[in-house]
Structures are given as structure tokens and as C-alpha cells.
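# Descriptive structure summary
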Amino acid sequence: VFFFFGNSLIPLTDPDEVFYALTAKEMAAKGEWLVPHIFNQPQFEKPIFIYWLLRLVFDWWGATPFSARLFPAFFACMGVLGVYALGLLGFFSERRAFWSALVLCTGALFVGMGKTVFTDMVFSVFILYALLSFYLAFVNPRRKLFGIMGFYFFAGLAVLTKGPLGLLLPELTVILFLLYRGKLDFIYDRRVMGGFFLCLGIALPWYVFMINKYGHAFIHEFFYNDHWRRWLEAEHKGNDRWFFYPLTMIMGLFPWSLFFIAGCVSMFKKLKWGASHFEYFILSWILVVFIIFHSAHSKLASYILPLWPALALLTGGFIEDALTNPRSRLVRVFLMIMSGVAFIFGIAILAAYPVYQKYVPSILPAYFLSALLIAFAGWLVILLLKEKLDAALRVLSLWLLPFLWTGFIIRADIGPYISSFDAVQYLPYHPGQKAVILSSKPYARGIRYYTGQEMAVLNINGGNYFSPHPLPILKNAQELIQFIKEQKLTCAVLKKSGYKTINELLPADQFKVHMIKNIGYNYVLTIEFLPAT
């Protein structure tokens with residue numbers, strides 16, 4: 001329900017979902033399995049594993065939104081099962097494992113990432129299973145070989161999914177945990193060396209192939225530009241704040257945010273008088289992932305998704321502790337607060353309708369969502385009055401469903417604001433036409449994905465992509481005018497600023513600009529060069 005439902009209803013979004021789907025689509029068109037391609041040229045931004053998954057599903061079912069989102073949704077489900085298994089192993093409690101899995105399954109960021117085409121969900125689940133395998137080896141000496149090999153197997157797949165961090169994150173987590181417990185001798189075992197070579201055997205051949213084939217171009221783009229440079233320089237400068245990841249953790253765990261904060265306080269108190277092995281393991285996991293990503297200047301919410309299983313375990317453990325402690329009133333207080341939040345949201349959605357009326361012309365979806373949230377608030381209050389805390393927590397886990405349901409209802413209204421799919425339907429091009437489509441920078445990947453046409457980007461004084469793309473970028477008036485003169489008729493999909501730039505820079509006596517459609521943030525137009533008679 002949370003990860004698969006409705007994945008076919010909303011087109012792939014700009015600019016990231018279409019980036020991965022376009023790469024796999026072009027690989028399929030070329031019959032290529034080893035070299036990612038975009039705009040008909042090799043691209044080195046991400047490793048190969050996510051493209052293998054997308055290519056497989058595109059070959060089976062075609063390049064549809066549902067097929068593109070199939071593996072993120074599948075891995076999200078596997079992540080929930082992995083957290084449940086790790087909770088059983090570490091807590092020795094089915095209930096703690098259950099609450100942890102429920103928190104992960106229904107938390108806002110994990111649900112969102114399970115329904116979108118990124119590398120981060122697949123990468124995070126491989127990290128989870130690597131650490132699950134290690135902990136199995138740690139607590140059960142008879143399974144040490146199996147656990148060590150599992151650790152390096154999943155770490156190798158993580159390296160193939162997103163790069164060297166796939167080994168670095170779980171390895172540092174394990175080392176920090178063993179140092180905490182004074183058991184570093186655990187890794188002085190020949191089986192560890194065997195597992196390390198297994199990891200290299202899985203991940204290294206593709207990197208060796210790419211370095212051998214493309215040499216400095218691959219090394220510079222993949223290792224320097226997409227890893228080291230992101231560490232030193234913020235791709236999204238507004239996110240480079242000390243509070244970005246702490247706030248992401250709190251908001252991304254909604255509706256469990258209050259329980260998570262209380263779980264952190266509880267963990268801190270336990271450290272004073274002695275936490276369990278498993279709690280030290282969770283803490284090591286959180287510290288390693290948080291410190292590594294927080295120290296980098298390029299920050300995105302999706303980057304710290306590998307934290308989510310650990311945060312879910314911390315939160316789930318706290319929930320069960322609070323439920324079994326008759327002196328604790330926190331669960332009741334938090335549930336009452338969440339009931340109030342749902343009621344306020346329900347009222348606010350109606351009150352704020354004039355603000356977002358531009359995006360959702362009909363007020364009926366607002367009435368629908370408001371009614372669901374108010375009913376949800378009442379349901380929580382009734383269960384609290386009956387002292388049915390377990391049931392109330394299960395109801396709380398459904399917090400996001402009204403928003404998902406409403407999102408699918410209004411998909412036709414919000415689609416043009418998040419995807420270029422609707423805009424390209426108005427482009428007057430023909431499949432055999434070779435003219436280059438002009439677009440604003442965020443739309444280039446999507447228009448290429450949906451049309452298959454060649455692209456040029458209008459980006460006056462706006463610089464390049466963080467990871468350069470092999471397509472013309474028009475950075476001044478001279479380049480723009482020369483580009484349009486070379487084509488008899490230019491089709492374009494531009495942002496409002498791009499449309500304004502076109503009208504300001506192109507002389508009206510030489511160029512005819514015809515706006516076909518303004519849909520969402522997209523301005524679909526044609527530009528015709530009028531040669532002097």
C-alpha cells in the first residue's frame with residue numbers, strides 16, 4: 001500500500017527520476033549493459049547497478065512510471081523486513097521489532113523515497129543488510145562465516161550502487177561498534193579477508209572496466225566531481241546549514257517525530273548507566289552516517305536515508321519501552337498531540353485554499369482531505385479515551401494515507417508542476433523530425449526522455465550542470481540567436497524566466513515567438529526565424 005499503490009498514476013518527475021530512467025532507456029536502445037549513457041554519450045555520475053535494475057524492468061514491461069518505480073518500492077519492502085529481522089536479533093523482542101518496522105514503513109521520507117526513482121533506497125537497503133549480516137555474525141559465532149560473507153556481499157552491491165561509501169559506511173560502523181565494546185579482535189579473522197576479496201570481486205570489475213575504457217574522464221567525473229567535489233562544494237547551497245540534517249531526521253520520520261526525539265533522549269540517558277550491545281550498535285550506525293554526510297557541503301535529504309533503519313530501531317525500541325512502563329505518560333501525550341495536529345491540518349487545508357487554488361482549481365479534494373484528517377483525529381481521541389494505546393499507535397501509522405490518496409486524486413492538477421510529461425504533449429514535433437528542442441535547464445532530461453529528441457538548454461548567465469551533460473548550453477544572446485537561425489522552426493519548453501528572456505533578447509522583426517500553452521511551470525512555444533526578404 002505505501003510503496004506500490006498509485007505508482008503508475010503520476011508521470012516520472014523532473015529532474016531526477018527522468019535522469020535515471022533516461023539513462024536506462026538509452027542503454028536499452030543501444031543494447032548496452034556496462035556503460036551508462038545520457039544524451040547519446042557515456043555518463044559517469046552514478047555506478048551501474050541501478051541502471052541494471054531499470055534496464056531489466058524496462059525490457060520486461062516497458063519504460064512506464066510503474067516499472068521505473070518497481071525496484072525502489074521492492075527494496076523499500078525489503079528494508080522493512082530487514083529492520084524487523086534486525087530488531088528480532090538485537091532486541092530479542094517481537095514487539096520491539098514490530099514497532100521498529102512499522103516506524104520505518106510509515107515514516108514520511110522512507111515512504112517518499114520508496115515511491116521515487118533514486119539510487120538511495122537501493123543503496124540504503126544494501127547497507128542495512130550488510131549490517132544485519134555483521135550483527136548476526138557478532139551474536140552467533142556459529143554463523144560467523146555466513147554473516148561476514150553476507151556483510152561483504154551486500155557492501156559490494158552497495159559499492160556498485162552508489163560508490164565507495166557502500167563499503168566505507170558499514171565498515172566504519174562496525175569498527176566504531178567493536179571499539180565501543182572492546183572487541184576489535186573480532187575482525188582479526190582470515191574469514192574477514194576472504195569477505196573483503198568477495199566485496200572486491202563483486203564491485204571492482206566494473207570500475208576496472210570503466211577506468212580501462214575511459215581513463216581520466218571517468219576518474220575525474222566519478223571520483224572527483226561526483227564525490228570529492230560534492231564534499232568540498234555545495235551543489236544546493238541553501239541546504240548547506242548545520243541544522244539541515246537534524247531537521248530532516250525529525251521531519252522525515254513524521255508522524256513518529258516526537259517519539260524519535262524522546263527516543264534520542266532515552267538513548268542518552270541509557271548511555272550513562274549502561275546501554276545494551278544492540279543500542280551501542282544503533283548509536284554507532286547513527287554517528288558514522290550522520291558525521292560523514294553532515295561534514296560534506298553538498299546536502300540532500302535523500303543522502304542520509306541509510307540512517308533510517310537505525311532511527312526506526314531507536315524509535316521502535318522507545319515506543320515499546322514506553323508502552324510497558326506504567327509510569328510513562330509520554331505515549332498518551334504524543335498521541336493526543338498528533339490528534340490535535342491532524343485536526344489543525346484538517347482546518348488549515350480549507351482555510352488556506354485561496355493560497356494554493358492556482359494549483360488545485362477544485363475545492364473538493366480539499367474537503368476530502370480535511371474530512372479524512374478530522375475523522376482521523378477523532379479516531380485517535382476515541383482510542384485514547386478507551387486506553388487502547390496499541391491500537392492508537394497503529395492508527396497513527398496511517399497518517400500519510402490521506403495525503404497519498406488525495407495526491408492521486410489531484411494528480412492531473414499537480415502533474416504539470418512536477419513533470420514535463422504534460423508539456424511535451426503540446427510540442428508540434430514529428431517523430432522523424434531532427435530539429436533540436438530548446439528547454440530550460442531543469443526540463444532537458446524529462447523532454448529528452450518523453451520525446452527522444454535532441455536537446456539544447458537555454459541558461460543565460462546560469463552556468464553549467466554540476467555534473468556536465470553532453471548537450472549545447474546557450475549562455476548568451478549571441479549563442480541563442482545563432483542557434484535559432486540555424487533551425488527553420490524551434491520548439492521550446494521553458495520556465496517563465498526563459499520565456500521572458502526569449503522575448504527580451506530576440507528582435508521582433510527577425511523572430512516570431514508563438515506561445516502554444518502555459519501548463520504548470522512550463523511555457524510551450526515555437527520560435528520562427530524570419531529571414532530578410
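My aim in this report is to walk through the structure given alongside it, one point at a time. All values reported here derive from a predicted model rather than from experimental measurement. (Residues numbered from 1 in each chain as written. Predicted model: local features only at pLDDT ≥ 70, side-chain atom pairs only at ≥ 80, totals over all residues. Heavy atoms only, no water.)

### Considerations on the sheet that holds strand β6 (residues 489-494)
Applied cut-off: Two strands are said to pair when DSSP picks up at least two bridges between them. Comment: elements are numbered from the N terminus, with helices defined as DSSP H or I runs of at least four residues and strands as E runs of at least two. Note on definitions: a residue-residue contact is assigned when non-hydrogen atoms from the two residues lie within 4.5 Å. Only the stretch in contact is used when a helix axis is fitted, and all axes are lines through C-alpha atoms; the angle between N-to-C directions ranges over 0 to 180 degrees.
The strand order across the open sheet formed by 6 strands is β5-β4-β3-β6-β8-β7, and the pairing between neighbours is mixed. On the outer flanks of this sheet lie β5 (473-474) and β7 (511-519), each paired with one strand and no other. Where strand β3 (residues 437-440) meets strand β4 (residues 455-458), 4 bridges bridge the pair, whose relative direction is parallel. Counted as the bridge partner of Leu 438 is Ala 456 from β4. Running over the sheet, helix α23 (residues 444-451) touches β3, β4 and β6 and is turned about 145° from β3.

### Considering the pattern of salt bridges
Note the cut-off: We define a salt bridge as a contact between a side-chain nitrogen of Lys or Arg and a carboxyl oxygen of Asp or Glu at a distance within 4 Å. A simple rule labels every residue: compare its accessible area, found with a 1.4 Å probe on the protein chains alone, to the largest value its type can have, and call it buried under 20%, exposed over 50%, or partly exposed in between.
The tally for this structure, following the rule as stated, stands at 21 salt bridges. Here Asp 321 ties to Lys 270 by a salt bridge, and the two come within 3.1 Å at their closest N and O atoms. Residue Asp 321 is located in helix α15 (residues 308-323), and its partner Lys 270 is located in helix α13 (residues 257-273); the two are separated by 51 residues in the primary sequence. Among the residues examined, Lys 270 registers a relative accessible area of 15% and is labelled buried. One network of salt bridges, in which partners are shared, links Glu 45, Lys 46, Asp 226, Arg 230 and Glu 235.

### Describing the packing of aromatic side chains
This is how the line gets drawn: When the centres of two rings from Phe, Tyr and Trp lie within 6.5 Å, Trp using its six-membered ring, the rings pair. Their planes under 30 degrees apart give stacked, over 60 give edge-to-face, and anything left gives tilted.
Tallied over the entire structure, the rule returns 63 aromatic pairs. Look at Phe 254 and Trp 399: their rings are 4.9 Å apart centre to centre, the planes differ by 75°, and that puts the pair in the edge-to-face class. Placement of Phe 254 in the loop between α12 (244-252) and α13 and of Trp 399 in the loop between α19 (389-396) and α20 (401-409) is noted, with a sequence separation of 145 residues between them. Under the relative-accessibility criterion, Trp 399 is labelled buried at 1%. Ring geometry for Phe 345 against Trp 399: centres 5.6 Å apart, planes inclined by 90°, an arrangement best described as edge-to-face.

### Observations concerning the pairing of strand β8 (residues 522-529)
For β8, a buried count of 6 out of 8 residues is recorded, marking the element as mostly surrounded by other parts of the structure. Here β7 runs beside β8; their pairing, made up of 8 bridges, is antiparallel. Its bridge partner lying in β8, His 514 is registered against Thr 526. Hairpin remark: β7 followed by β8, antiparallel, with 2 residues in the connecting loop; positive phi at Gly 520, about 65°.

### Looking at the state of the cysteines
Note: disulfide means a covalent bond formed between the sulfur atoms of two cysteine side chains. Quick note on the threshold: Disulfides are defined as cysteine sulfur pairs within 2.5 Å.
A complete count under the given rule lists 0 disulfides for this structure. Looking at the unpaired Cys 77, the closest cysteine sulfur is the one in Cys 105, lying at 7.3 Å. With a relative accessible area of 29%, Cys 77 lands in the partly exposed category.

### Describing unusual backbone geometry
At the junction of Asp 14 and Pro 15, the peptide bond is cis and its omega measures out at -5° in the coordinates. Position of Pro 15 relative to the elements: it lies in the segment before α1 (16-30). In this structure, the amide linkage connecting Phe 254 to the following residue, Pro 255, adopts the cis form with an omega of 15°. Within the secondary structure, Pro 255 is located in the loop between α12 and α13. Although it is not a glycine, Phe 39 adopts a positive phi angle of roughly 55°. Mapped onto the elements of the fold, Phe 39 is located in the loop between β1 (37-38) and β2 (41-42). The residue Phe 92 is not glycine, and still its phi comes out positive at about 55°. Looking at the secondary structure, you find Phe 92 in the loop between α4 (70-91) and α5 (94-106).

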